[in-house]
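Residues per chain, in single letters:
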Amino acid sequence: AQTVTQSQPEMSVQEAETVTLSCTYDTSESDYYLFWYKQPPSRQMILVIRQEAYKQQNATENRFSVNFQKAAKSFSLKISDSQLGDAAMYFCAYRNMNYGGSQGNLIFGKGTKLSVKP
Amino acid sequence: EAQVTQNPRYLITVTGKKLTVTCSQNMNHEYMSWYRQDPGLGLRQIYYSMNVEVTDKGDVPEGYKVSRKEKRNFPLILESPSPNQTSLYFCASSLNPQAHLTYERYFGPGTRLTVT
């Protein structure tokens with residue numbers, strides 16, 4: 001069974017600085033997705049960034065980028081120029097790419113709470 | 001606007017009183033699923049549906065039922081709620097997950113359920 005581990009329950013960053021959130025996962029599959037979801041105080045789950053395992057290039061979305069290390073099964077999120085609105089819980093998630101049913105559901109880590117200091 | 005809606009957003013109920021949380025999506029998605037979120041546990045899948053009349057258990061299905069009579073709706077039913085079902089519930093939808101490049105792009109706003 002796949003697992004996702006976020007080892008940092010809480011992180012803090014100064015506004016305008018850069019922060020990196022860590023995520024490791026375990027799988028025997030070769031084709032899968034990795035995601036970072038953001039959950040602000042409103043509780044809405046918002047997709048931040050997605051990475052397909054077959055792509056070597058790290059995904060980037062504006063100030064958000066990932067460092068995907070497939071061999072090490074590591075998937076960290078870097079937030080540059082942090083803003084007050086980035087304060088939220090961040091969840092790393094895994095999904096098999098070519099399965100339906102229960103093998104295709106999202107497997108979430110337990111989350112990292114990010115605080116942004118003005 | 002593409003969206004997943006859930007109702008109610010907040011619900012306080014008593015043990016044993018049947019309740020239904022509705023979920024609706026306007027994107028003609030085939031795949032819909034329910035997750036619950038508990039502190040320190042992340043999100044865990046309860047049930048999912050691959051299409052109309054096709055549903056199956058996720059990782060934590062005990063105490064829940066679902067139905068999928070229409071493509072757009074996927075209600076979550078608690079026949080006899082218990083306090084351990086107090087949680088934050090999310091509905092999500094996507095295109096057929098067996099299709100390449102599909103994933104839970106859209107989540108509903110969440111339903112906070114308290115069972116006393």
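See above for the structure.
Everything in this summary refers to the structure shown in the same document. These numbers come from a predicted model, not from an experiment.

## Points about the state of the cysteines
Residue and element names in this part refer to chain A.
Stage number 1. Under the defined criterion, the tally for this structure stands at two disulfides over all chains.
Stage number 2. The disulfide partner of C23 is C92, and the S-S distance across this bridge is 2.0 Å. Here the disulfide of C23 and C92 is left-handed, its torsion about the S-S bond being about -70°. Here C23, found in the loop between β3 (19-21) and β4 (24-26), pairs with C92, found in strand β10 (residues 88-96); they are 69 residues apart in sequence, far enough to count as distant. In this pair, the class of C23 matches that of C92, namely buried.

## Quick word on the sheet that holds strand β8 (residues 76-78) of chain B
All names here are of chain B.
Stage number 1. Within the open sheet, the four strands sit side by side as β1-β3-β8-β7. Their pairing is antiparallel. Where the open sheet ends on each side, the last strands, each with one partner, are β1 (4-7) and β7 (65-66).
Stage number 2. With four bridges joining them, β1 and strand β3 (residues 19-25) adopt antiparallel strand pairing. Each residue of the ladder has a partner; that of T5, found in β3, is S24.

## Side note on the nonpolar core
Stage number 1. In this structure, A:Y25, A:W36, A:F75, A:L77 and A:Y90 are the most contacted members of the largest nonpolar core, which totals 26 residues.
Stage number 2. Considering each element in turn, this core owes the most residues, four residues, to β10(A).
Stage number 3. Setting aside residues up to four positions removed in sequence, A:Y25 forms contacts with A:T3, A:V4, A:Y32, A:L34, A:F68, A:Q69, A:K70, A:K73, A:S74, A:F75 and A:Y94.
Stage number 4. Residues B:V4, B:I46, B:V66 and B:C91 belong to the second largest nonpolar core, which totals 19 residues.

Calculation rules
- Residues numbered from 1 in each chain as written.
- Chains lettered and ligands numbered in written order.
- Predicted model: local features only at pLDDT ≥ 70, side-chain atom pairs only at ≥ 80, totals over all residues.
- Heavy atoms only, no water.
- Disulfide = S-S within 2.5 Å.
- Helix = DSSP H or I, 4+ residues; strand = E, 2+ residues; numbered from the N terminus.
- Buried < 20%, exposed > 50% of the residue type's maximum accessible area, 1.4 Å probe, protein only.
- Pairing = 2+ DSSP bridges.
- Core = buried A, V, L, I, M, F, W, Y, C linked by side-chain atoms within 4.5 Å.
- Contact = heavy atoms within 4.5 Å.

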